[in-house]
Amino acid sequence: MTDMSGSTGEVVVTTQSFARYTDSPWRVFEEARVPARRSRFAHPLAEDELVREAAGAAALVVGLDPVTAKVIGAAPSLRVIAKHGVGVDNIDVAAARAAGIRVVNAPGANTTAVADMTMALLLAAVRRIVPAHTSVVQGRWERFFGPELAGRTLAVIGFGRIGQAVARRARGFDMTVVAYDPHLPAEVFAEQGVRAAGLDECLAAADVVTLHLPLAPGAPPLLGRAELARLRPGAYLVNTARGGLVDEAALAEALRDGHLAGAAVDVFASEPPDGSPLLDAPNVVLTPHCGAFSHEANAAMGTTVATDVVRVLRGLPPVNPVV
Ligand SMILES: NC(=O)C1=CN([C@@H]2O[C@H](COP(=O)(O)OP(=O)(O)OC[C@H]3O[C@@H](n4cnc5c(N)ncnc54)[C@H](O)[C@@H]3O)[C@@H](O)[C@H]2O)C=CC1
Ligand SMILES: O=C(O)CCC(=O)C(=O)O
């Protein structure tokens, strides 16, 4: 890591997960002679902490930290905000655009990691891997049953990079895949051997629903009480996209009353999910927003965003502009 705190025009990296598996992302800055340092705060930043970090920064590399209009307004030297990942719902992109600040991200860098994690979570949910593990460790030796995936229908909501990668994996498990994505042409679904359908049709047909769309700022949950009620009795839900896409209280209720057989959740409306109704809901597998945490994705996300930060600071157009 190049620690040149105190110099002006530096890159401040606030995400704790930057370069966790390899130093190669730091080397991008070093080779370009761009001063870069980690945040002084060794935890996900609150808005006021981010205001302090952004004050003298030319670039911010953020994970899930809230880059609000207040943060942007307090950062007169800021030229680029880099999302160490894909979803930019934690960044006020409109405020950045208005301030003439570039936003970049790392599309595709974590597709394989999240698709693998989605299948891991789905298999863990249906075959009850977590209670089975606990039972063995606690000496009870209970044995659990669950449905096979073959022949079941998977509904993929959001058929971009991750949605398509999940569909390919699900087809490898002999599942039938339907998908909803109103922004894509019919050819994309056909090329993947997947039937395109409306949201309601997907929900009604699915044995498993998996979410792979962005969270739009201010949007209500895509899956509220009414949508969850439309799912087949005994269906499963997997959410590795964003917590705000699902009404957590309604999901917990649907699990408790047995309408849904299980849910696997990597992302929460608020993270960490202190007080979330999902924490004590039955038949859940919960992970701490680590869908992107493969070694390979970590290296790829870091080098991708570091490269674009250097490009913007040198006056070049970024490879992966959001704005
Ligand atoms: N758990 C984790 O660690 C990670 C979570 N994610 C989440 O997964 C999301 C998807 O990532 P990618 O597939 O790489 O993005 P992508 O941009 O390749 O695909 C997103 C797709 O969602 C579609 N979409 C947008 N609004 C929609 C709507 N209302 N209904 C249905 N489809 C809609 C878009 O047309 C696009 O095809 C990200 O936005 C992020 O929130 C991404 C990476 C890591
Ligand atoms: O790992 C992170 O900090 C965020 C990953 C993520 O959710 C994304 O790429 O959108």
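Residues numbered from 1 in each chain as written. Chains lettered and ligands numbered in written order. Predicted model: local features only at pLDDT ≥ 70, side-chain atom pairs only at ≥ 80, totals over all residues. Heavy atoms only, no water.

As annotated in an unreviewed UniProt entry, the protein chain is Hydroxyacid dehydrogenase from Actinomadura miaoliensis.

Caption draft 1: Molecular detail of the domain arrangement of the protein chain. By domain assignment, the protein chain separates into domain 1 (11-109 + 294-313) and domain 2 (111-286). Using only C-alpha atoms to locate each centre, domain 1 and domain 2 end up separated by 30 Å. With 9 residues of domain 1 at the contact, the number on the domain 2 side is 6 residues. Buried area between domain 1 and domain 2, both sides added, is near 580 Å², and the carbon and sulfur share of it is 52%. The three residues of domain 1 that bury the most area against domain 2 are Leu64, Asp89 and Gly108, which together make up 61% of that side's buried surface. If you look at where domain 1 meets domain 2, you find 1 salt bridge. Across the side of domain 1 that touches domain 2, the residue classes tally to 4 nonpolar, 3 polar and 2 charged. (Domains from an automatic or database assignment. Contact = heavy atoms within 4.5 Å. Buried area = accessible area lost by both parts, 1.4 Å probe. Salt bridge = Lys/Arg side-chain N within 4 Å of Asp/Glu carboxyl O. Nonpolar A, V, L, I, M, F, W, Y, C, P; charged D, E, K, R; others polar.)

Caption draft 2: The arrangement of the site of ligand 1 in detail. Neighbouring residues of ligand 1: 25 residues in total, closest Arg161, Ile162, Asp181, Thr240 and Asp266. Ala292 places a polar main-chain atom, nitrogen or oxygen, 3.4 Å from an oxygen atom of ligand 1. In isolation ligand 1 has 860 Å² of accessible area, and contact with the protein removes 85% of it. (Near = heavy atom within 4 Å. Polar contact = N/O pair within 3.5 Å; in protein donor to acceptor, adjacent residues only side chain to side chain. Areas by Shrake-Rupley, 256 points an atom, 1.4 Å probe, with all protein chains shown as cover.)

Caption draft 3: Focus on the site of ligand 2. Taken together, Gly63, Leu64, Gly85, Val86, Gly87, Asn110, Arg242, His289 and Phe293 make up the full set of residues near ligand 2. Backbone polar atom of Gly87 to an oxygen atom of ligand 2: 2.8 Å apart, as the coordinates give it. Within the contact set of ligand 2, an oxygen atom lies 2.9 Å away from a side-chain nitrogen or oxygen of Asn110. Relative to its unbound accessible surface of 290 Å², ligand 2 loses 91% to contact with the protein. Here the residues of the shell around ligand 2 are counted per class, giving 3 nonpolar, 5 polar and 1 charged.

Caption draft 4: View of the nonpolar core. With 55 residues, the main nonpolar core has Val11, Phe29, Val61 and Val309 as its most contacted residues. Per-element tally for this core: the top contributor is helix α5 (residues 111-127), with 9 residues. Both of domain 1 (11-109 + 294-313) and domain 2 (111-286) provide at least three residues apiece to this core. Not counting chain neighbours up to four residues away, the residues in contact with Phe29 comprise Val11, Phe18, Val34, Ala36, Val61, Ala306, Val309 and Val310. Leu199, Ala206, Leu223 and Val265 belong to the second largest nonpolar core, which has 30 residues in total. (Core = buried A, V, L, I, M, F, W, Y, C linked by side-chain atoms within 4.5 Å. Buried < 20%, exposed > 50% of the residue type's maximum accessible area, 1.4 Å probe, protein only. Helix = DSSP H or I, 4+ residues; strand = E, 2+ residues; numbered from the N terminus.)

Caption draft 5: Region of interest: the sheet that holds strand β3 (residues 57-62). The strand order β2-β1-β3-β4-β5 describes an open sheet built from 5 strands, whose pairing is parallel. The two strands at the open ends of the sheet, each matched to only one other strand, are β2 (36-38) and β5 (102-104). Sheet twist, expressed as the average angle between the axes of neighbouring strands with direction ignored, equals 20°. Here 4 bridges tie β3 to strand β4 (residues 80-83), and the two strands are oriented parallel to one another. Bridging from a neighbouring strand, Leu60 pairs with Ile81 of β4. Sitting on the sheet, helix α12 (residues 295-313) touches β1 (10-13), β3, β4 and β5, and the angle it makes with β4 is about 170°. (Pairing = 2+ DSSP bridges. Axes fitted to C-alpha atoms, helices over the stretch in contact; angles between N-to-C directions.)

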